[in-house]
Amino acid sequence: MGRLALEVADIFRAYGPAWRDAQHEHLSLGQLKVMSAIEQCRTATLGGHVLCCPACEHEEIAYNSCRNRHCPKCQASAAKRWLEARQADLLPVEYYHVVFTLPAPISAIAYYNKTVIYGLLFEVAAETLRTIAADPKHLGAQIGATLVLHTWGSALTHHPHVHGIVPGGGLSLDGERWVSCKPGFFLSVRVLSRLFRRRFVEELGKAYAAGQLQFFGEYAHLADASAFADWLVPLKKCEWVVYAKRPFAGPEAVLAYLSRYTHRVAIANSRLITLDERGVTFRWKDYRAKGKTRHKTMTLTTDEFIRRFLLHVLPSGFHRIRHYGLLANAGRHDNLARVRDLLQVAPANTEPMNADALDKAIQPTFVCPDCGAAMIIVEILARKQFIRAPPRQGGAP
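Keep in mind the model is a prediction, meaning the values are calculated, not measured.

Undergrad: Looking at this structure, how should I read the overall build of the protein?
TA: When you go through the protein residue by residue, the secondary structure sums to 11 helices and 14 strands. Principal axes of the C-alpha set define a box for the protein whose edges measure 70 × 65 × 60 Å. Counting every position in the protein, which comprises 397 residues, the buried fraction comes to 47%. Of the contacts formed within the protein by residues at least 6 apart in sequence, a portion of 70% connects residues at least 24 apart. When the accessible surface of the protein is summed, it comes to about 22,000 Å², and 54% of that surface belongs to carbon and sulfur atoms.

Undergrad: Before we go on, may I ask you to explain the environment of His159 in this structure?
TA: Following the sequence through the fold, His159 ends up in strand S6 (residues 158–167). In the structure, His159 is positioned 117 residues away from Arg42 in sequence and 30 Å away in space, judged by C-alpha atoms.

Undergrad: Quick question: what am I supposed to make of the packing of helix H2 (residues 29–40) against helix H9 (residues 302–310) here?
TA: Packed helix pairs are specified by the crossing angle of their axes together with the interaxial distance, meaning the distance between the axes. Packing of H2 against H9 leaves a shortest axis separation of 11 Å and a crossing angle of 115°. Of the possible angle classes, the one that applies to H2 and H9 is roughly perpendicular. Crossing hand, H2 versus H9: right-handed. Residues Gln31, Val34, Met35 and Ile38 of H2 pack against Ile306, Phe309 and Leu310 of H9. For the contact of H2 with H9, the per-class residue count stands at six nonpolar, one polar and no charged.

Undergrad: I keep staring at the packing of aromatic side chains and nothing clicks. Help me out?
TA: Working definition: an aromatic ring pair is given by the centre-to-centre distance plus the angle between the planes. Scanning all chains against the criterion turns up 15 aromatic pairs. Each ring, one from Phe122 and one from Phe318, has its centre 6.2 Å from the other, and the planes form 40°; the classification is tilted. One end of the pair, Phe122, is in helix H5 (residues 114–134); the other, Phe318, is in the loop between H9 and strand S13 (321–325), with 196 residues separating them in the sequence. Assessed through its relative accessible area of 0%, Phe122 is described here as buried.

Undergrad: What is the right way to read the sheet that holds S13 from this model?
TA: Sheet strands associate in pairs through backbone hydrogen bonding, adopting either a parallel or an antiparallel arrangement. Spatially, five strands are ordered S9-S3-S6-S5-S13 in an open sheet, and the strand pairing comes out antiparallel. What marks the edges here is a single partner per strand, and that holds for strand S9 (242–245) and S13. The sheet shows a mean angle of 20° between the axes of neighbouring strands, direction not considered. Pairing of strand S5 (residues 144–152) with S13, which is carried by five bridges, proceeds in the antiparallel orientation. Pairing of Ala145 across the sheet is with Tyr324, part of S13. Contacts between H5 and the sheet are confined to strand S3 (95–101), S5, S6 and S13, with S5 contributing the most and set at about 145° to the helix.

Undergrad: Where do I start with the side chain of Asn113 in this structure?
TA: Mapped onto the elements of the fold, Asn113 is located in the loop between helix H4 (104–110) and H5. Within polar-contact distance, the side chain of Asn113 engages the backbone oxygen of Ile109 at 2.8 Å. Residues contacting Asn113, with those up to four places away along its chain left out, are Tyr118, Gln212, Leu213 and Gln214.

Undergrad: What exactly am I supposed to notice about the pairing of strand S10 (residues 272–276) here?
TA: Remark: a regular strand shows side chains that alternate across the two faces of the sheet. Bridge count between S10 and strand S11 (residues 279–285): four bridges; the pairing is antiparallel. Note on S11: the bridge partner recorded for Leu275 is Val280. Adjacent in sequence and paired antiparallel, S10 and S11 are bridged by two residues.

About the cut-offs
Residues numbered from 1 in each chain as written. Predicted model: local features only at pLDDT ≥ 70, side-chain atom pairs only at ≥ 80, totals over all residues. Heavy atoms only, no water. Helix = DSSP H or I, 4+ residues; strand = E, 2+ residues; numbered from the N terminus. Buried < 20%, exposed > 50% of the residue type's maximum accessible area, 1.4 Å probe, protein only. Contact = heavy atoms within 4.5 Å. Areas by Shrake-Rupley, 256 points an atom, 1.4 Å probe, with all protein chains shown as cover. Axes fitted to C-alpha atoms, helices over the stretch in contact; angles between N-to-C directions. Parallel < 35°, antiparallel > 145°, perpendicular 65-115°, else oblique. Left-handed = near helix turned anticlockwise from the far one by under 90°. Nonpolar A, V, L, I, M, F, W, Y, C, P; charged D, E, K, R; others polar. Phe/Tyr/Trp six-rings, centres within 6.5 Å; stacked < 30°, edge-to-face > 60°. Pairing = 2+ DSSP bridges. Polar contact = N/O pair within 3.5 Å; in protein donor to acceptor, adjacent residues only side chain to side chain.

This is the structure in structure tokens:
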């Protein structure tokens, strides 16, 4: 695939150094690392290799990727592997697309408390689904769910929510039969919303009492316990948005949608239009509008575009894809086998391919743009070595 006319990396390379100098007191180490990785991605700085086509002798240089999970150019192969693995797990039942969204006041403090609040969003959303599903008044079954964290809106604003894909049923509480939900209806979103709200506020209060939350700027006053308690009151009464519907195009469509965001964040390079004296212009979708008027363009100054992009840098080591219940990693294989046995369907094909089938399945990593033949690596280009600062006087050797 050819290079797009405009990429996030171009914006960072042109305006990132000046922006870093101006904002150095407000940037985290994680944000600085993301900027550096995107700027260096597929450049000579990271090294690469020289490719040659044995058929037509065409040569070209391919530079290495940064492999950062925030980079719009990286992780495509990882996303493809994730999609294939999840498709292999699909059962012959209805599936439902669920979304749990945090209200704006909590989203605002989540930016300074990402590990805690994003973690609560995952755990409370999963707990809510499993608790209501296990209630005999609703489904009376053990269910499974795959949840994926999104922290952005289409305009790059901070909008934390989790998308999930959930089978329309589960194992009976004794594990002896499959319990299907009503056709076209999974669980009451009103009931889900009420429990999600109550449990999240409870857990947020516990995190505050344990000293796990930080407050800055206009929210600095929440460090006072009475102010925080007053701030929680309206959150216990407002509506918390929960969505649960069967996708018209089937579970494959939801998985395909999620796979576009599982291994990157914020914005794809394909949405960028121009970079000029006005700033960065990109496509976005206004979900409050109807029909074709939903699709709009927005122009942000380069400083504001960089700021919004970096809002979505995740804490180091934070897992933004998680599996719960029947789909939890520890028991997924056995649980799916049990369900398929109860549904009397053939198990997923996990047999390894024979040599001939494997040869046909393997595609060349590099393809000649002139003749389409597989290219070979003829030279390795080492990554550049950066000059390190001298050690501090009296420092440890």
